[in-house]
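What follows is each chain in one-letter form.
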Amino acid sequence: MERTETELMLKGYGLTTAEMFYRLPDYRNVLNTFIWQDYDLAPDYPRLFKFIEYWQDKIEGPLHSVRFSHKRLIGPNEWRNVVGEFRLH
């Protein structure tokens, strides 16, 4: 069963964005870019490295370089469990 984005964020996952520069298969001197985004766990980045391995095995355009950034969307100090509620009026 696929986890929701909120569940992933509460488990420590953050949004990882990778910009991949690759060479065109027919024109090796031409670089193109591809943007990839997914929720991933820092510092190991298992989903990012799995995608890079897939790229190297299945896609003809060889990678030139990869730049990525990672942002945890929910930190431990940014949410709290509310156990009660009261209303005015």
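Let me sum up the structure you'll find in this document. (Residues numbered from 1 in each chain as written. Predicted model: local features only at pLDDT ≥ 70, side-chain atom pairs only at ≥ 80, totals over all residues. Heavy atoms only, no water.)

Structural notes on the sheet that holds strand β3 (residues 63–72)
Turning to step 1, where the next piece is worked out: Taken together, the three strands give an open sheet; going across it, the order is β2-β1-β3, and neighbouring strands pair in antiparallel fashion. Only two strands of the sheet have a single neighbouring strand rather than two, namely β2 (31–40) and β3. Within the sheet, the average angular offset between the axes of one strand and its neighbour, ignoring direction, is 15°.
Turning to step 2, where the next piece is worked out: Strands β1 (14–23), β2 and β3 of the sheet are contacted by helix α2 (residues 46–58), whose axis makes an angle of about 145° with β2. (Pairing = 2+ DSSP bridges. Helix = DSSP H or I, 4+ residues; strand = E, 2+ residues; numbered from the N terminus. Axes fitted to C-alpha atoms, helices over the stretch in contact; angles between N-to-C directions. Contact = heavy atoms within 4.5 Å.)

Examining α2
Turning to step 1, where the next piece is worked out: Over its 13 residues, α2 extends 18 Å from the first C-alpha to the last, a length consistent with the 18 Å expected when each residue adds 1.5 Å.
Turning to step 2, where the next piece is worked out: Residues of α2 that are buried sit in contact with β1, β2 and β3. (Expected span 1.5 Å × (residues − 1).)

Concerning unusual backbone geometry
Turning to step 1, where the next piece is worked out: Residue proline 43 follows alanine 42 across a cis peptide bond; omega there is 5°.
Turning to step 2, where the next piece is worked out: Turning to its location among the elements, proline 43 is positioned in the loop between β2 and α2.
Turning to step 3, where the next piece is worked out: Residues other than glycine seldom take positive phi values, yet tyrosine 45 does so here, at roughly 50°.
Turning to step 4, where the next piece is worked out: You can see tyrosine 45 is positioned in the loop between β2 and α2.

Structural notes on the packing of aromatic side chains
Turning to step 1, where the next piece is worked out: Within this structure, the stated rule accounts for seven aromatic pairs.
Turning to step 2, where the next piece is worked out: With 5.6 Å between their ring centres and 20° between their planes, tryptophan 36 and phenylalanine 51 make a pair best called stacked. Here phenylalanine 51 lies in helix α2 and tryptophan 36 lies in strand β2, a separation of 15 residues in the sequence.
Turning to step 3, where the next piece is worked out: A residue is classified by how much of its surface remains accessible, and tryptophan 36, at 9% relative accessible area, is buried.
Turning to step 4, where the next piece is worked out: Relative accessible area serves as the criterion here: at 18%, phenylalanine 51 is assigned to the buried category.
Turning to step 5, where the next piece is worked out: Taking the centre distance of 6.2 Å and the plane angle of 65° together, the rings of phenylalanine 51 and tryptophan 55 count as edge-to-face. With phenylalanine 51 and tryptophan 55 both in helix α2 and four residues apart, the pair spans about one turn of that helix. (Phe/Tyr/Trp six-rings, centres within 6.5 Å; stacked < 30°, edge-to-face > 60°. Buried < 20%, exposed > 50% of the residue type's maximum accessible area, 1.4 Å probe, protein only.)

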